[in-house]
Amino acid sequence: MAFWNRRKSLESVSARQSHSALRPTLGWPHLMCLGIGGIVGTGIYTLIGVGAGLAGPAVIMSFVVAGLVCACAALAYTEMSTMMPMAGSAYTYSYVALGELPAWFVGWTLILEYTVVCSVVAVGWSGYAAGFMRSVGLDLPEALIAGPAAGGVINLPAIVIALAVAGLLALGSRESATVNMVLVFVKLLALATFIALAIPAFDMNNFEPFAPHGFGAKEIGDAKYGMMGAAALIFFAFYGFDAVSTAAEEAKDPGRDLKIGIVGSMVACTLIYMVVAAAAIGSTRTDALAASSEPLAMVLRTLNHPGAARWIGVAAVVALPTVIMAFMYGQSRIFFVMARDGLLPQRLSAVNESSGTPVLMTMITGVIVAIIAGFLPLQRIAEVANAGTLVAFMAVAVCMLVLRNKAPTAPRPFRTPAPMLVALGAIVGCAYLFASLPRVTIYTFLIWNAIGIAVYFIYARFQSALARA
């Protein structure tokens, strides 16, 4: 078989590895909280304001569109992850259904997605943490709370949180998942507080005009305005459930736990987003939301709830690391399984006997994220994570259709209803959102993957375990 379409067998990824196997320690509550922890974070705390500036009150429909596309992708992920309960997510599915070169492309794309998300959230957390420290009299020098591109020297808080999360993940999957559950509860409690205080001030007049920039995607400068333009950005606020699929190998009962974890976290977060968006827009004009870097706290201050606004800020400091945890977990598992397949140095796939986790790979991931968050400018490349995720979602939908055709009788603990309709919903929806991204984002994504293809032909093509076999 040619290098570009040599495939792993379905049997090889449906049974546990005899070497470099991860320890199954996670139940469905851990997986559902991993998904919620990854989804509910920077998106709802900040992007609701950015989205309101792009679409006006129609940003609520932007959430609906992004949620529907993600729901289609989530159903495809659920079928594939329960069918192949191994680490690797979209990369592993592509290796089986499409071949090695497409799998490398998807894996390289996921590396970009997860790394950028972790770094962006680490920098966002640093801003909240620095503000909180100032409020209690611990004022760090400006040079230590911003990278060179932002006028400082090093973003020390961002580096500290990235390495702390990596250390927690290295201790063990169950231990880090338990901490994640506690922090997710704090985050949801803060959002419930916001909803309870904002809903009484709800005013339908704030929804006029509903779509000042139209319902399509209209490029003005470097941004895409309109409902679909906002949906392409707000998409960032929804993904995170795909990190659950990277935990398939560590699920105690994959057929049950992954279904609940992926679908449950997606449904719960869509409902949360809709209610929070309605409460925020109903109680405040969208131009005010768009002008604020902390829109939820701003709404509560406007409504004369300064104590609750501070609580929102504290909850962000405490709970935003759950987003870093979910994506760094996924990143380390993608690295791990690519190394296990020989596409990256295989020594990186070693599993620690005590913790049952890939400690070396986890700490390397943490260091990479810390360096990017501490020194490099992220504003221009943050949206590239959206591009990578959209491509991965399309790949999973294609994989589901291919295996429905090639392996129709293979065991499927979860079967996606109306598979053709769901797959087309994910593929067409993701393609449209990808086209709705700014041109500079699409070009950056293409450059990253051009580099990845070069790495494949220079190194991975020859080092692949399948090539050696």
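One structure accompanies this document, and this report is about it. (Residues numbered from 1 in each chain as written. Predicted model: local features only at pLDDT ≥ 70, side-chain atom pairs only at ≥ 80, totals over all residues. Heavy atoms only, no water.)

## Here we look at the overall build of the protein
Helix and strand content of the protein: 19 helices and two strands. Counting all 469 residues of the protein, 58% fall into the buried class. Across the protein, contacts joining residues at least 24 apart in sequence account for 83% of those joining residues at least 6 apart. (Helix = DSSP H or I, 4+ residues; strand = E, 2+ residues; numbered from the N terminus. Buried < 20%, exposed > 50% of the residue type's maximum accessible area, 1.4 Å probe, protein only. Contact = heavy atoms within 4.5 Å.)

## Comments concerning the packing of aromatic side chains
In total, this model carries 11 aromatic pairs according to the counting rule given. Judged by centre distance (5.7 Å) and plane angle (70 degrees), the rings of Tyr-91 and Tyr-95 are edge-to-face. On the criterion of helical spacing, the pair formed by Tyr-91 and Tyr-95 is a turn pair, its members being four residues apart in helix H4 (residues 90-97). By relative accessible area, Tyr-95 is classed as buried at 1%. With 4.7 Å between their ring centres and 20 degrees between their planes, Trp-108 and Trp-448 make a pair best called stacked. Within this pair, whereas Trp-108 is found in helix H5 (residues 100-135), its partner Trp-448 is found in helix H18 (residues 439-463), the two being separated by 340 residues in sequence. (Phe/Tyr/Trp six-rings, centres within 6.5 Å; stacked < 30°, edge-to-face > 60°.)

## Re the pattern of salt bridges
Using the criterion set out here, one finds two salt bridges in the structure. For Glu-79, the salt bridge identified is with Arg-404, shortest N-O distance 2.8 Å. Separated by 325 residues along the polypeptide, Glu-79 in helix H3 (residues 59-83) and Arg-404 in helix H16 (residues 384-406) bring together distant segments of the chain. On the basis of relative accessibility, which here comes to 0%, the residue Glu-79 falls in the buried class. Put simply, Arg-412 and Glu-79 hold a salt bridge, and the shortest N to O gap is 3.1 Å. In this pair, Arg-412 sits in the loop between H16 and helix H17 (419-435) while Glu-79 sits in helix H3, placing the two residues 333 residues apart along the sequence. Taken individually, Arg-412 and Glu-79 each receive the classification buried, so the pair is uniform in this respect. A cluster of three or more residues bridged by salt bridges with shared partners is formed by Glu-79, Arg-404 and Arg-412. (Salt bridge = Lys/Arg side-chain N within 4 Å of Asp/Glu carboxyl O.)

## Some details on the nonpolar core
Of all hydrophobic cores here, the largest spans 153 residues; its most connected members are Phe-194 and Phe-241. Top element by residues in this core is H5. It accounts for 18 residues. Once residues within four sequence positions are removed from consideration, Phe-241 is found in contact with Ile-39, Cys-70, Ala-73, Ala-74, Tyr-77, Ile-262, Ser-265, Met-266 and Phe-393. (Core = buried A, V, L, I, M, F, W, Y, C linked by side-chain atoms within 4.5 Å.)

## Focus on H18
For an α-helix the count is 3.6 residues per turn, leaving residues at separations of three or four pointing the same way. Taking 1.5 Å of rise per residue, the 25 residues of H18 would be expected to cover 36 Å, and the 35 Å separating its terminal C-alpha atoms lies within 8% of that figure. Residues of H18 that are buried: Thr-441, Ile-442, Phe-445, Asn-449, Gly-452, Tyr-456 and Ala-460. (Expected span 1.5 Å × (residues − 1).)

## A few points about the packing of H16 against H17
Where H16 contacts H17, the axes come no closer than 9 Å and their chain directions differ by 155 degrees. Accordingly, the angle class assigned to the pair H16 and H17 is roughly antiparallel. As for how H16 packs across H17, the hand of that crossing is left-handed. Of H17, the residues touching H16 (which contributes Ala-387, Leu-390, Val-391, Phe-393, Met-394, Ala-397, Val-398, Met-400, Leu-401 and Arg-404) are Pro-419, Met-420, Ala-423, Ala-426, Ile-427, Cys-430, Ala-431, Leu-433 and Phe-434. A breakdown of the residues in the contact of H16 with H17 according to their chemical character gives 18 nonpolar, no polar and one charged. (Axes fitted to C-alpha atoms, helices over the stretch in contact; angles between N-to-C directions. Parallel < 35°, antiparallel > 145°, perpendicular 65-115°, else oblique. Left-handed = near helix turned anticlockwise from the far one by under 90°. Nonpolar A, V, L, I, M, F, W, Y, C, P; charged D, E, K, R; others polar.)

## Examining the environment of Tyr-456
Here Tyr-456 lies in helix H18. With relative accessibility at 0%, the residue Tyr-456 sits in the buried group. Sequence separation of Tyr-456 and Trp-108 is 348 residues, and the distance between their C-alpha atoms is 9.6 Å. Separated by 2.7 Å, the side chains of Tyr-456 and Glu-100 make a polar contact. (Polar contact = N/O pair within 3.5 Å; in protein donor to acceptor, adjacent residues only side chain to side chain.)

## Concerning a nonpolar patch on the surface
Where nonpolar side chains cluster on the molecular surface, the patch consists of Leu-163, Val-367, Ile-371 and Phe-375 and spans about 310 Å² of accessible area. Take Leu-163: it is sitting in helix H6 (residues 156-171). Under the relative-accessibility criterion, Leu-163 is labelled partly exposed at 34%. (Patch = residues over 30% accessible without salt bridge, like charges linked within 9 Å, V, L, I, M, F, W, Y side chains within 5 Å. Areas by Shrake-Rupley, 256 points an atom, 1.4 Å probe, with all protein chains shown as cover.)

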